[in-house]
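Residue-level structural notes
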Amino acid sequence: MAGFKKHMWAGIKSYGILPPAVALFHVIGEGTPILLATGAVALPFTLIGAMFPDLDAKRSIPFRHFRRGVAVFAGGVIATVLYVNRRLVVNVGELLPVTTSPTFVGGTIYCGMVIGAGWMIFRFLYVYNPPHRGILHQIPAGLLVAIILFSIVSSVAVSLSISNPAAIAFLMGTSFFIGYLSHLYLDTDPQEEKSLLLLRKTYIGERLDDRLP
C-alpha cells in the first residue's frame, strides 16, 4: 500500500494533465481567462481527491487530520450558499409564528444550519466507518463526490454571477476525480497484486461485481 506522501506526489503529477488541457482550449479560442485561472489553481481539489479514499482508515493521515477540514469546508460551502440567498432565509423567518425580528430569526437559522452541517459531517465520518479499501476505493464513489462537487461549485458560481459557472465547476470536479484515480492507481490488491484501478470491482462497484460472471 502506498504511503500518504506517495499519494500526494501522485496527485501532483496527475494534476499536470489539467493546466495544459485548459491552456489548449484557451489557445483554440474555446477558453476564457477565468477558466485558465481556474485550471491553474485547481491543485487543492486534486490533492483532496488523492487523499479522499483513505478517509475510511482511522489510522490514516487524511482521517486523523483532514476530517475537521472536510467538516469546516462543508460548513463554509453551506454558509456561502445561504449568504448569497440570504433573502430567502429571511423570508423563511417571516413565515414562522414568532414576534422576533425576521432578520434575527433568519440569522439564527443561518448559524444553526452552518454549524449543524459541519457537526453532522464530522460525526458521520467518525461514526460511519466503512471497511478500508471498500466503497471509498471504488470509482462510483469518487464519481459521485465529483458530481456533488460540480453541483456545489456551479451553484455558488451562479449565485455570485461568475461567468462560465458550469465550466469552472467541471474543472473542479475533474481535478478532484483525477486525484482520486491517482490514488486507486497506486493502491494494489493484496490478493491479485494488481492496481485497484484495473480491477472490475473497483470501476463498477463491489456489489455489481459480485452479481456478474
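Our subject is the structure that appears above.
Here is a short report on the structure shown in this document. (Residues numbered from 1 in each chain as written. Predicted model: local features only at pLDDT ≥ 70, side-chain atom pairs only at ≥ 80, totals over all residues. Heavy atoms only, no water.)

A short note on the packing of helix 8 (residues 139-159) against helix 9 (residues 165-186)
- One can describe the packing of helix 8 onto helix 9 by two numbers: an axis separation of 8 Å at closest approach and a directional angle of 155°. With respect to each other, helix 8 and helix 9 are oriented roughly antiparallel. You can see that helix 8 and helix 9 cross each other, and the crossing is right-handed. Across the interface between the two elements, Ile139, Ala141, Gly142, Leu143, Val145, Ala146, Leu149, Phe150, Val153, Ser154, Ala157 and Val158 of helix 8 pack against Pro165, Ala166, Ile168, Ala169, Phe170, Met172, Gly173, Phe176, Phe177, Tyr180, Leu181 and Leu184 of helix 9.
- Looking at the contact of helix 8 with helix 9 residue by residue, the class counts come to 21 nonpolar, three polar and no charged. (Axes fitted to C-alpha atoms, helices over the stretch in contact; angles between N-to-C directions. Helix = DSSP H or I, 4+ residues; strand = E, 2+ residues; numbered from the N terminus. Parallel < 35°, antiparallel > 145°, perpendicular 65-115°, else oblique. Left-handed = near helix turned anticlockwise from the far one by under 90°. Contact = heavy atoms within 4.5 Å. Nonpolar A, V, L, I, M, F, W, Y, C, P; charged D, E, K, R; others polar.)

Notes on the packing of aromatic side chains
- Under the counting rule described, the total for this entry stands at four aromatic pairs.
- Ring geometry for Phe52 against Phe176: centres 5.7 Å apart, planes inclined by 70°, an arrangement best described as edge-to-face. Taken together, the residues span a long stretch of sequence, with Phe52 in the loop between helix 4 (43-51) and helix 5 (61-84) and Phe176 in helix 9 at a distance of 124 residues.
- Residue Phe52 is classed as buried on the basis of its relative accessible area, which comes to 15%.
- Accessibility expressed as a relative area gives 3% for Phe176, which makes it buried.
- Ring centres of Phe177 and Tyr180 lie 6.2 Å apart, and the angle between their planes is 10°; on these two criteria the pair is classed as stacked. One end of the pair, Phe177, and the other, Tyr180, are both in helix 9, three residues apart, so they sit about a helical turn from each other. (Phe/Tyr/Trp six-rings, centres within 6.5 Å; stacked < 30°, edge-to-face > 60°. Buried < 20%, exposed > 50% of the residue type's maximum accessible area, 1.4 Å probe, protein only.)

Examining helix 1 (residues 4-15)
- Over its 12 residues, helix 1 runs 17 Å from end to end, which matches the ideal 16 Å to within 8%, given 1.5 Å per residue.
- Three or more residues of helix 1 are buried, namely His7, Met8, Ala10, Gly11, Ser14 and Tyr15. Each buried residue of helix 1 lies within a common arc of 160° when the element is viewed along its axis, so the set occupies one face. With respect to the buried face of helix 1, the exposed residues turned more than 90 degrees away are Lys5, Lys6, Trp9 and Lys13. (Expected span 1.5 Å × (residues − 1). Arc of directions from axis to C-beta.)

A short note on helix 8
- The end-to-end C-alpha distance of helix 8 is 30 Å, a good match for the 30 Å that 21 residues give at a rise of 1.5 Å each.
- Three or more residues of helix 8 are buried, namely Ile139, Ala141, Gly142, Ala146, Leu149, Val153, Ser154, Val156 and Ala157.
- Positive backbone phi, at 60°, marks Ser161, one or two positions downstream of helix 8.

Structural notes on the side chain of Ser154
- Here Ser154 is to be found in helix 8.
- Among the residues examined, Ser154 registers a relative accessible area of 14% and is labelled buried.
- Of the polar contacts made by the side chain of Ser154, one reaches the backbone oxygen of Ser151; its length is 3.0 Å.
- Those residues in contact with Ser154, other than ones at most four positions away along the chain, are Pro165 and Ala169. (Polar contact = N/O pair within 3.5 Å; in protein donor to acceptor, adjacent residues only side chain to side chain.)

Comments concerning the nonpolar core
- Counting residues in hydrophobic clusters, the biggest one holds 22 residues, and the most contacted among them are Leu18, Phe52, Val153, Phe176 and Tyr180.
- Listing elements by their share of this core, those giving two or more residues are helix 2 (18-27), helix 8 and helix 9.
- With nine residues, helix 9 is the single largest residue contributor to this core.
- With near-sequence residues (within four places) excluded, Phe52 lies in contact with Leu136, Val145, Phe176 and Tyr180. (Core = buried A, V, L, I, M, F, W, Y, C linked by side-chain atoms within 4.5 Å.)

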